[in-house]
Amino acid sequence: MSEFPERREFWTTEYDFNFQGSMSFTRILFDQTKSFGVLNAGFTKGRLNGSGCRIFIKKDENGNWKIDKIEGTWVS
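Residues numbered from 1 in each chain as written. Predicted model: local features only at pLDDT ≥ 70, side-chain atom pairs only at ≥ 80, totals over all residues. Heavy atoms only, no water.

**Quick word on the confidence of the model for the protein**
Piece 1. Overall, the predicted model of the protein reaches an average pLDDT of 92, with 99% of residues at or above 70.
Piece 2. Here helix α1 (residues 9-12) is the element of the protein with the lowest mean pLDDT, 84, and strand β2 (residues 29-30) is the one with the highest, 98. (pLDDT = per-residue confidence, 0-100. Helix = DSSP H or I, 4+ residues; strand = E, 2+ residues; numbered from the N terminus.)

Set out below in structure tokens:
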């Protein structure tokens, strides 16, 4: 994404190809024990067509990461 224009210019700039959508994720923030984490994700299909969520993860009893909960945070 760092190579493309920001915000609305992303969708209004002419390219040699067609975008079907854009997906983004933030870094995972962990608790002090590194047993729980949280990150944000978003998907857009146009200037006013997308949604975002907050994803909560946790380690299970075997040490594998699992999604604990997903909460919607925005809709456009």
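Still more ground to cover, so stick around.
**Side note on the nonpolar core**
Piece 1. With five residues, the main nonpolar core is built from Leu39, Ala41, Cys53, Ile55 and Ile57.
Piece 2. Elements with a minimum of two residues in this core: β3 (36-46) and β4 (49-59).
Piece 3. For this core, the element with the most residues is β4, which contributes three residues.
Piece 4. Not counting chain neighbours up to four residues away, the residues in contact with Ala41 comprise Ser24, Phe25, Ser51, Gly52, Cys53 and Ile55. (Core = buried A, V, L, I, M, F, W, Y, C linked by side-chain atoms within 4.5 Å. Buried < 20%, exposed > 50% of the residue type's maximum accessible area, 1.4 Å probe, protein only. Contact = heavy atoms within 4.5 Å.)

**Here we look at the pattern of salt bridges**
Piece 1. Using the criterion set out here, one finds two salt bridges in the structure.
Piece 2. For Asp68, the salt bridge identified is with Lys58, shortest N-O distance 3.5 Å. Linking Asp68 in strand β5 (residues 65-75) with Lys58 in strand β4, this pair joins segments that are 10 residues apart in sequence.
Piece 3. Glu71 is the partner of Lys69 in a salt bridge, and the nearest nitrogen-oxygen pair spans 3.2 Å.
Piece 4. Of the residues examined, Lys69 reaches a relative accessible area of 40% and is grouped as partly exposed. (Salt bridge = Lys/Arg side-chain N within 4 Å of Asp/Glu carboxyl O.)

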